[in-house]
Amino acid sequence: MKYLRLIPVLWLGAMLTACNTTKKLYEAQEYDQVIQRVAPEVCQGKMNDKDLNYVAASYHKANQADHERIQALKASGQPDVWPEIYQRYCSMKGRNDALKCFPSKVKKGMNYVKLDLDEDMMVARNKAESFLVAKANQLLSTGSKADAEMAERYINQLERTNSANPRLLDLRKKCALFTNEHVGFGYVCGNSNYSSLNIKKVLFAFDEGELPSQISNVHIVTDPRPGENRKAMVCVIEENVAISPTRLDKVTFKETKGNQTVEVTDYSQSKTMTVKGYIQYRSKRDGKILGSVPFEATSTFKNDYTTIKGDREACSAETLNRLNTKPVPVPTDESLLLDAAKKLNDLIATELKK
């Protein structure tokens with residue numbers, strides 16, 4: 001068949017004269033666009049000798065250019081070359097995949113060979129990610145707003161390289177916080193009926209030096225709900241508040257000393273509140289959610305005390321010591337919630353310093 005007699009790649013420039021879009025793209029050295037334009041038609045069985053020749057030439061020229069560039073970058077020995085190396089491997093694999101649905105005779109005629117790039121790509125991606133993470137961290141650690149803004153370019157490149165990189169959220173978070181003059185903190189109530197204003201005063205009362213040095217100005221946002229106020233860059237979203245019933249457990253036993261006996265009762269008062277939710281990071285520029293980190297903060301009240309009936313002289317030394325404790329009023333739900341907010345304050349400070 002005609003498409004088996006493909007013109008050699010080196011002669012295409014002189015032999016092809018058809019004035020069409022594919023030809024123009026080829027002459028402009030837009031080789032990948034040639035492949036994107038023609039390959040789907042070939043896979044559907046639509047054969048055109050001239051277009052097949054353009055695809056064959058584009059495929060080999062683009063891959064050859066990428067291969068030569070990869071070798072030159074590797075020879076430099078510089079760590080910053082790996083993001084480009086990885087992207088060029090991705091381009092080569094993309095071209096190879098685009099042509100794999102071609103009929104076998106067409107592949108043979110254009111000297112198509114399935115490329116095994118998986119291992120090379122994995123190595124290149126790992127090295128690219130290591131460089132991008134290290135470079136972004138270096139820029140974010142200087143305390144300079146200009147450096148933090150420059151770090152964003154490397155972070156964007158990291159996301160393009162691997163959107164599942166485990167360091168991506170931390171870097172996005174730092175970049176968003178360090179590139180702004182003011183950092184807004186907000187709290188969104190869930191199923192609790194308590195004053196969010198009181199919670200905010202405790203939740204965002206950070207001690208000096210508790211936050212990263214790049215965060216110099218903190219303000220509390222009145223209403224950080226999505227779509228209503230985009231100034232909250234760090235938003236604590238309360239999803240659930242669970243309060244256990246007040247418990248009073250007791251255990252009664254006897255102690256004896258000689259002919260003397262005493263009945264001892266140990267009491268235990270307890271109540272627990274657990275607040276669950278997530279810390280959400282937003283971009284101040286457009287309100288986009290950068291990511292979320294779940295949290296769980298628990299406030300526990302527990303008080304043990306002992307009473308006796310009988311001869312005090314029969315008590316053991318341990319029991320006598322416990323007699324010094326007394327029952328106390330059980331804290332209110334709001335008191336427990338504020339105590340949980342204090343613990344969550346520490347969690348937030350620790351999270352921001354990661």
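The structure we're discussing is the one just above.
Described below are features of the structure shown in this document. (Residues numbered from 1 in each chain as written. Predicted model: local features only at pLDDT ≥ 70, side-chain atom pairs only at ≥ 80, totals over all residues. Heavy atoms only, no water.)

### Considering the overall build of the protein
Counting its regular elements, the protein contains 12 helices and 6 strands. Taking all 354 residues of the protein together, 41% fall into the buried category. Intrachain contacts of the protein at a sequence separation of at least 6 include 70% that bridge at least 24 residues. (Helix = DSSP H or I, 4+ residues; strand = E, 2+ residues; numbered from the N terminus. Buried < 20%, exposed > 50% of the residue type's maximum accessible area, 1.4 Å probe, protein only. Contact = heavy atoms within 4.5 Å.)

### Observations concerning the pattern of salt bridges
As enumerated under the stated definition, the model contains 18 salt bridges in all. Salt-bridge contacts for Lys173 lead to Asp170; the nearest nitrogen and oxygen are separated by 3.5 Å. Of this pair, Lys173 and Asp170 both sit in helix H9 (residues 168-178), separated by 3 residues, roughly a single helical turn. Linking Glu351 and Lys173 is a salt bridge whose minimum nitrogen-to-oxygen distance equals 3.3 Å. A residue pair is termed long-range when its members are at least 10 positions apart, and Glu351 in helix H12 (residues 333-352) and Lys173 in helix H9 qualify at 178 residues. Overlapping salt bridges bring together Asp32, Asp66, Arg69, Glu84, Arg88 and Arg95 as one network. (Salt bridge = Lys/Arg side-chain N within 4 Å of Asp/Glu carboxyl O.)

### What to know about the state of the cysteines
Put plainly, two cysteines are in a disulfide when a covalent bond ties their sulfur atoms together. Taken as a whole and judged by the stated rule, the model has 1 disulfide. Between the sulfur atoms of Cys43 and its disulfide mate Cys101 the distance is 1.6 Å. One quick way to see it: the torsion about the S-S bond of Cys43 and Cys101 is about 40°, and its sign makes the bridge right-handed. Of the two residues, Cys43 sits in helix H3 (residues 31-43) while Cys101 sits in the loop between helix H5 (82-99) and helix H6 (104-109), which places them 58 residues apart along the sequence. Cys43 gets classed as partly exposed once you look at its relative accessible area, which sits at 31%. (Disulfide = S-S within 2.5 Å.)

### Quick look at the pairing of strand E5 (residues 260-282)
In terms of strand pairing, strand E4 (residues 247-257) meets E5 through 11 bridges, oriented antiparallel. Of the residues in E5, the one forming a bridge with Glu255 is Val262. Here E5 runs beside strand E6 (residues 289-310); their pairing, made up of 21 bridges, is antiparallel. Across the sheet, the residue bridging to Val275 is Ala297, located in E6. Once E5 ends, the chain turns through 6 residues before running back antiparallel as E6, passing Gly287 with a positive phi of about 75°. (Pairing = 2+ DSSP bridges.)

### Things to note about helix H7 (residues 118-140)
For H7, spanning 23 residues, the distance from its first C-alpha to its last is 32 Å, which sits close to the expected 33 Å at 1.5 Å a residue. All of the buried residues along H7 are Met121, Ala124, Ala128, Glu129, Phe131, Leu132, Val133, Ala136, Leu139 and Leu140. Against the buried residues of H7 lie H5, helix H8 (145-161) and H9. (Expected span 1.5 Å × (residues − 1).)

### Quick look at the packing of aromatic side chains
Evaluated as defined, the whole model comprises 8 aromatic pairs. With centroids separated by 5.6 Å and ring planes inclined at 55°, the aromatic side chains of Tyr26 and Tyr31 adopt a geometry described as tilted. A relative accessible area of 14% places Tyr31 in the buried class. Taking 5.8 Å as the distance between ring centres and 40° as the angle between the ring planes, the aromatic pair formed by Tyr59 and Tyr112 counts as tilted. Remark: Tyr112 occurs in the loop between H6 and H7 and Tyr59 occurs in helix H4 (residues 49-76); sequence separation between them is 53 residues. Assigned by exposure class, Tyr59 and Tyr112 land together as buried. (Phe/Tyr/Trp six-rings, centres within 6.5 Å; stacked < 30°, edge-to-face > 60°.)

### Re the packing of H3 against H5
At their nearest, the axes of H3 and H5 sit 9 Å apart, and the two run at 25° to each other. Looking at the two axes, H3 sits roughly parallel to H5. For the element pair H3 and H5, the recorded crossing hand is left-handed. Facing Asp32, Ile35, Ala39 and Cys43 of H3, the residues of H5 in contact are Arg95, Ala98 and Leu99. (Axes fitted to C-alpha atoms, helices over the stretch in contact; angles between N-to-C directions. Parallel < 35°, antiparallel > 145°, perpendicular 65-115°, else oblique. Left-handed = near helix turned anticlockwise from the far one by under 90°.)

### Re the nonpolar core
Membership of the largest hydrophobic core comes to 46 residues, with the highest contact counts inside it found for Leu203, Ile348 and Leu352. Dropping the residues within four chain positions of it, Ile348 is found in contact with Phe185, Leu203, Phe204, Phe206, Val236 and Ile279. Formed by 20 residues, the second largest nonpolar core is a distinct cluster that contains Tyr31, Val42, Ala56 and Ala62. (Core = buried A, V, L, I, M, F, W, Y, C linked by side-chain atoms within 4.5 Å.)

### Considerations on unusual backbone geometry
Despite not being glycine, Gln29 has its phi angle at roughly 60°, a positive value. Here Gln29 is to be found in the loop between helix H2 (21-27) and H3. Phi is positive for Asn111, close to 60°, though the residue is something other than glycine. With respect to the helices, strands and loops of the structure, Asn111 is situated in the loop between H6 and H7. Among the residues examined, Asn111 registers a relative accessible area of 58% and is labelled exposed.

### Topic: the environment of Tyr26
Tracing the backbone through its elements, the reader meets Tyr26 in helix H2. Residue Tyr26 is classed as buried on the basis of its relative accessible area of 7%. Residues Tyr26 and Tyr54 lie 28 residues apart in sequence; the distance between their C-alpha atoms is 6.8 Å. There is a polar contact of 3.0 Å between the side chain of Tyr26 and the side chain of Lys61. (Polar contact = N/O pair within 3.5 Å; in protein donor to acceptor, adjacent residues only side chain to side chain.)

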